Amino acid sequence: MIHSTGPFEPTESEPAEAAPPLRLVVCDDHAVVRAGLRALLGSDPGVAVVGEADSGAEAVALAAKLAPDVVLMDLQLGPGMDGVEATRRITAASGGSVHVLVLTTYDTDADITRAVEAGATGYLLKAERPDELFTAIRSAAAGLTALSAPVAHRVMARMRSPRPTLTDRERDILGQLSRGLTNRDIAKALFLSEATVKTHLGRIYDKLGVDTRAGAVAVAKEQRLLP
(Lines give C-alpha, C1' and ligand atoms only; values in the text may rest on other atoms or scores of the structure.)
Protein backbone atom coordinates (compact mmCIF):
# COMPACT_ATOMS: atom_id res chain seq x y z
CA MET A 1 0.00 0.00 0.00
CA ILE A 2 1.38 3.37 -0.90
CA HIS A 3 1.02 6.19 1.61
CA SER A 4 1.34 9.85 0.76
CA THR A 5 3.81 11.75 2.87
CA GLY A 6 5.23 15.24 3.21
CA PRO A 7 3.56 17.94 1.14
CA PHE A 8 1.10 15.44 -0.24
CA GLU A 9 -0.53 14.82 3.12
CA PRO A 10 -4.17 15.99 3.03
CA THR A 11 -4.63 19.31 4.76
CA GLU A 12 -7.63 21.04 6.20
CA SER A 13 -9.34 23.25 3.64
CA GLU A 14 -8.79 26.94 4.16
CA PRO A 15 -11.89 28.98 5.00
CA ALA A 16 -13.39 30.69 1.98
CA GLU A 17 -12.85 34.41 1.79
CA ALA A 18 -15.87 36.47 2.74
CA ALA A 19 -17.59 38.24 -0.15
CA PRO A 20 -16.93 41.97 -0.24
CA PRO A 21 -19.76 44.06 1.21
CA LEU A 22 -22.40 45.52 -1.05
CA ARG A 23 -21.59 49.15 -1.77
CA LEU A 24 -24.44 51.61 -1.26
CA VAL A 25 -25.13 55.27 -1.90
CA VAL A 26 -27.93 56.77 0.20
CA CYS A 27 -29.93 59.66 -1.25
CA ASP A 28 -32.36 61.54 1.00
CA ASP A 29 -32.75 65.28 1.52
CA HIS A 30 -33.21 64.88 5.29
CA ALA A 31 -29.92 64.64 7.21
CA VAL A 32 -31.60 62.86 10.14
CA VAL A 33 -32.96 60.16 7.83
CA ARG A 34 -29.54 59.67 6.23
CA ALA A 35 -27.92 59.39 9.66
CA GLY A 36 -30.48 56.82 10.74
CA LEU A 37 -29.98 54.76 7.61
CA ARG A 38 -26.21 54.95 7.94
CA ALA A 39 -26.42 53.68 11.52
CA LEU A 40 -28.82 50.89 10.59
CA LEU A 41 -26.87 49.77 7.53
CA GLY A 42 -23.63 49.90 9.49
CA SER A 43 -24.94 47.09 11.70
CA ASP A 44 -24.56 44.62 8.81
CA PRO A 45 -20.98 43.80 7.77
CA GLY A 46 -22.29 42.72 4.39
CA VAL A 47 -23.27 46.29 3.53
CA ALA A 48 -21.13 49.42 3.26
CA VAL A 49 -22.39 52.97 2.72
CA VAL A 50 -19.83 54.55 0.39
CA GLY A 51 -21.62 57.83 -0.26
CA GLU A 52 -24.48 60.09 0.77
CA ALA A 53 -26.45 62.57 -1.32
CA ASP A 54 -29.04 65.15 -0.34
CA SER A 55 -30.23 65.90 -3.88
CA GLY A 56 -30.96 64.09 -7.11
CA ALA A 57 -28.10 65.80 -8.92
CA GLU A 58 -25.62 64.76 -6.22
CA ALA A 59 -26.89 61.17 -6.32
CA VAL A 60 -26.32 61.04 -10.08
CA ALA A 61 -22.80 62.40 -9.66
CA LEU A 62 -21.93 59.96 -6.86
CA ALA A 63 -23.31 56.99 -8.75
CA ALA A 64 -21.12 57.86 -11.73
CA LYS A 65 -18.06 58.40 -9.53
CA LEU A 66 -18.40 55.48 -7.10
CA ALA A 67 -20.28 52.88 -9.18
CA PRO A 68 -22.11 51.42 -6.14
CA ASP A 69 -24.09 48.22 -6.26
CA VAL A 70 -27.27 49.93 -5.08
CA VAL A 71 -28.53 53.49 -4.65
CA LEU A 72 -31.20 53.92 -1.98
CA MET A 73 -33.32 56.66 -3.49
CA ASP A 74 -36.00 58.84 -1.92
CA LEU A 75 -38.53 60.29 -4.37
CA GLN A 76 -39.22 63.72 -2.92
CA LEU A 77 -35.94 65.63 -2.74
CA GLY A 78 -36.96 69.26 -2.49
CA PRO A 79 -36.17 71.80 -5.24
CA GLY A 80 -34.40 70.54 -8.32
CA MET A 81 -34.16 67.01 -9.68
CA ASP A 82 -36.52 64.55 -8.02
CA GLY A 83 -35.81 60.91 -7.26
CA VAL A 84 -37.53 59.63 -10.39
CA GLU A 85 -35.39 61.72 -12.74
CA ALA A 86 -32.26 60.83 -10.76
CA THR A 87 -33.18 57.16 -11.09
CA ARG A 88 -33.64 57.53 -14.83
CA ARG A 89 -30.24 59.18 -15.25
CA ILE A 90 -28.39 56.73 -13.01
CA THR A 91 -29.75 53.62 -14.71
CA ALA A 92 -29.20 55.08 -18.18
CA ALA A 93 -25.64 56.22 -17.48
CA SER A 94 -24.62 52.94 -15.85
CA GLY A 95 -26.29 50.72 -18.40
CA GLY A 96 -28.21 49.10 -15.57
CA SER A 97 -25.13 48.06 -13.61
CA VAL A 98 -26.07 50.41 -10.77
CA HIS A 99 -29.40 49.34 -9.30
CA VAL A 100 -31.78 51.84 -7.73
CA LEU A 101 -33.95 50.81 -4.80
CA VAL A 102 -36.59 53.45 -4.07
CA LEU A 103 -37.05 54.02 -0.34
CA THR A 104 -39.94 56.39 0.27
CA THR A 105 -43.11 57.12 2.21
CA TYR A 106 -45.18 57.52 -0.98
CA ASP A 107 -47.06 54.58 -2.48
CA THR A 108 -49.47 56.11 -4.97
CA ASP A 109 -49.96 54.41 -8.31
CA ALA A 110 -48.43 57.41 -10.05
CA ASP A 111 -45.26 57.35 -7.93
CA ILE A 112 -44.81 53.59 -8.33
CA THR A 113 -45.36 53.72 -12.08
CA ARG A 114 -42.98 56.63 -12.62
CA ALA A 115 -40.23 55.01 -10.55
CA VAL A 116 -40.49 51.63 -12.28
CA GLU A 117 -40.60 53.22 -15.72
CA ALA A 118 -37.48 55.21 -14.80
CA GLY A 119 -35.63 51.94 -14.17
CA ALA A 120 -35.93 51.36 -10.42
CA THR A 121 -35.19 47.75 -9.50
CA GLY A 122 -37.28 47.89 -6.33
CA TYR A 123 -39.73 50.04 -4.42
CA LEU A 124 -39.71 49.93 -0.63
CA LEU A 125 -41.61 51.94 1.96
CA LYS A 126 -39.77 53.52 4.88
CA ALA A 127 -42.18 51.84 7.29
CA GLU A 128 -40.70 48.42 6.50
CA ARG A 129 -38.80 46.42 9.13
CA PRO A 130 -34.98 46.54 8.99
CA ASP A 131 -34.73 42.90 7.94
CA GLU A 132 -37.02 43.63 4.99
CA LEU A 133 -34.75 46.50 3.97
CA PHE A 134 -31.65 44.31 4.04
CA THR A 135 -33.43 41.62 2.03
CA ALA A 136 -34.54 44.20 -0.53
CA ILE A 137 -31.02 45.62 -0.81
CA ARG A 138 -29.56 42.18 -1.56
CA SER A 139 -32.33 41.44 -4.05
CA ALA A 140 -31.79 44.77 -5.80
CA ALA A 141 -28.03 44.22 -5.94
CA ALA A 142 -28.71 40.93 -7.72
CA GLY A 143 -31.02 42.67 -10.18
CA LEU A 144 -34.14 41.11 -8.69
CA THR A 145 -37.35 43.05 -8.16
CA ALA A 146 -38.02 44.01 -4.55
CA LEU A 147 -41.40 45.45 -3.57
CA SER A 148 -42.99 46.26 -0.23
CA ALA A 149 -46.11 44.19 0.35
CA PRO A 150 -48.45 47.22 0.07
CA VAL A 151 -46.74 48.26 -3.17
CA ALA A 152 -47.01 44.75 -4.61
CA HIS A 153 -50.70 44.72 -3.66
CA ARG A 154 -51.30 48.03 -5.48
CA VAL A 155 -49.45 46.80 -8.56
CA MET A 156 -51.47 43.57 -8.69
CA ALA A 157 -54.75 45.37 -8.06
CA ARG A 158 -54.03 47.78 -10.89
CA MET A 159 -53.16 44.92 -13.23
CA ARG A 160 -56.44 43.19 -12.39
CA SER A 161 -58.45 46.39 -12.90
CA PRO A 162 -57.99 47.79 -16.40
CA ARG A 163 -57.91 51.55 -16.78
CA PRO A 164 -61.22 53.21 -17.60
CA THR A 165 -61.73 54.03 -21.25
CA LEU A 166 -62.35 57.67 -22.02
CA THR A 167 -63.51 59.09 -25.32
CA ASP A 168 -61.28 61.56 -27.16
CA ARG A 169 -63.60 64.39 -26.13
CA GLU A 170 -63.53 63.31 -22.49
CA ARG A 171 -59.74 63.21 -22.61
CA ASP A 172 -59.70 66.71 -24.10
CA ILE A 173 -61.93 68.01 -21.33
CA LEU A 174 -59.88 66.22 -18.68
CA GLY A 175 -56.75 67.84 -20.05
CA GLN A 176 -58.34 71.28 -19.79
CA LEU A 177 -59.55 70.43 -16.31
CA SER A 178 -56.00 69.60 -15.23
CA ARG A 179 -54.99 73.13 -16.20
CA GLY A 180 -57.44 74.51 -13.67
CA LEU A 181 -59.91 75.92 -16.21
CA THR A 182 -63.53 76.57 -15.30
CA ASN A 183 -66.40 74.99 -17.21
CA ARG A 184 -66.90 78.25 -19.08
CA ASP A 185 -63.22 78.41 -20.07
CA ILE A 186 -63.25 74.77 -21.15
CA ALA A 187 -66.32 75.41 -23.26
CA LYS A 188 -64.64 78.36 -24.98
CA ALA A 189 -61.39 76.46 -25.54
CA LEU A 190 -63.13 73.47 -27.10
CA PHE A 191 -65.96 75.36 -28.82
CA LEU A 192 -68.64 73.63 -26.76
CA SER A 193 -71.57 74.76 -24.68
CA GLU A 194 -71.22 74.78 -20.90
CA ALA A 195 -74.05 72.26 -20.70
CA THR A 196 -72.11 69.86 -22.92
CA VAL A 197 -69.01 70.29 -20.78
CA LYS A 198 -71.04 69.51 -17.63
CA THR A 199 -72.45 66.38 -19.27
CA HIS A 200 -68.98 65.15 -20.21
CA LEU A 201 -67.66 65.92 -16.73
CA GLY A 202 -70.43 63.84 -15.19
CA ARG A 203 -69.46 60.88 -17.37
CA ILE A 204 -65.78 61.37 -16.52
CA TYR A 205 -66.57 61.40 -12.80
CA ASP A 206 -68.56 58.18 -13.13
CA LYS A 207 -65.82 56.39 -15.05
CA LEU A 208 -63.10 57.46 -12.63
CA GLY A 209 -65.17 56.85 -9.51
CA VAL A 210 -64.82 60.41 -8.19
CA ASP A 211 -67.13 63.31 -7.47
CA THR A 212 -64.83 66.33 -7.59
CA ARG A 213 -62.68 68.08 -10.17
CA ALA A 214 -59.57 67.62 -8.02
CA GLY A 215 -60.34 63.93 -7.60
CA ALA A 216 -60.70 63.46 -11.35
CA VAL A 217 -57.34 65.10 -12.02
CA ALA A 218 -55.62 63.08 -9.28
CA VAL A 219 -56.93 59.74 -10.58
CA ALA A 220 -56.14 60.72 -14.16
CA LYS A 221 -52.54 61.43 -13.21
CA GLU A 222 -52.22 58.16 -11.29
CA GLN A 223 -53.58 56.17 -14.22
CA ARG A 224 -51.82 58.22 -16.90
CA LEU A 225 -55.05 59.19 -18.61
CA LEU A 226 -54.17 62.77 -19.37
CA PRO A 227 -53.41 63.59 -23.02
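*Asks:* I'm lost on the side chain of threonine 121 in this one. Help?
*Replies:* Along the chain, the position of threonine 121 falls in the loop between helix H4 (109–118) and strand S5 (122–125). Judged by its relative accessible area of 13%, threonine 121 falls in the buried class. Residues within four places of threonine 121 in sequence aside, it is in contact with His99, Val100, Ala140, Gly143, Leu144, Thr145 and Ala146.

*Asks:* Got a minute to help me understand the sheet that holds strand S2 (residues 47–53) in this structure?
*Replies:* Paired through backbone hydrogen bonds, the strands of a sheet run either parallel or antiparallel to each other. Pairing is parallel across the open sheet formed by six strands, whose spatial order is S2-S1-S3-S4-S5-S6. This sheet does not close on itself; its edge strands, each paired only once, are S2 and strand S6 (146–147). Sheet analysis places S5 next to S6, joined by two bridges and oriented parallel. Bridging across to S6, tyrosine 123 finds its partner in leucine 147.

*Asks:* Would you explain unusual backbone geometry in this entry?
*Replies:* Across residues other than glycine, the phi torsion is negative in most instances, and most of the peptide bonds are trans. One non-glycine residue with positive phi stands out, namely alanine 67, at about 50 degrees. Examined against the element boundaries, alanine 67 turns out to sit in the loop between helix H2 (56–66) and strand S3 (70–73). For alanine 67, a relative accessible area of 48% corresponds to the partly exposed category. For phenylalanine 191, which is not a glycine, the phi torsion comes out positive at approximately 55 degrees. You can see phenylalanine 191 is positioned in the loop between helix H8 (183–190) and helix H9 (194–208).

Rules and cut-offs
- Residues numbered from 1 in each chain as written.
- Predicted model: local features only at pLDDT ≥ 70, side-chain atom pairs only at ≥ 80, totals over all residues.
- Heavy atoms only, no water.
- Helix = DSSP H or I, 4+ residues; strand = E, 2+ residues; numbered from the N terminus.
- Buried < 20%, exposed > 50% of the residue type's maximum accessible area, 1.4 Å probe, protein only.
- Contact = heavy atoms within 4.5 Å.
- Pairing = 2+ DSSP bridges.

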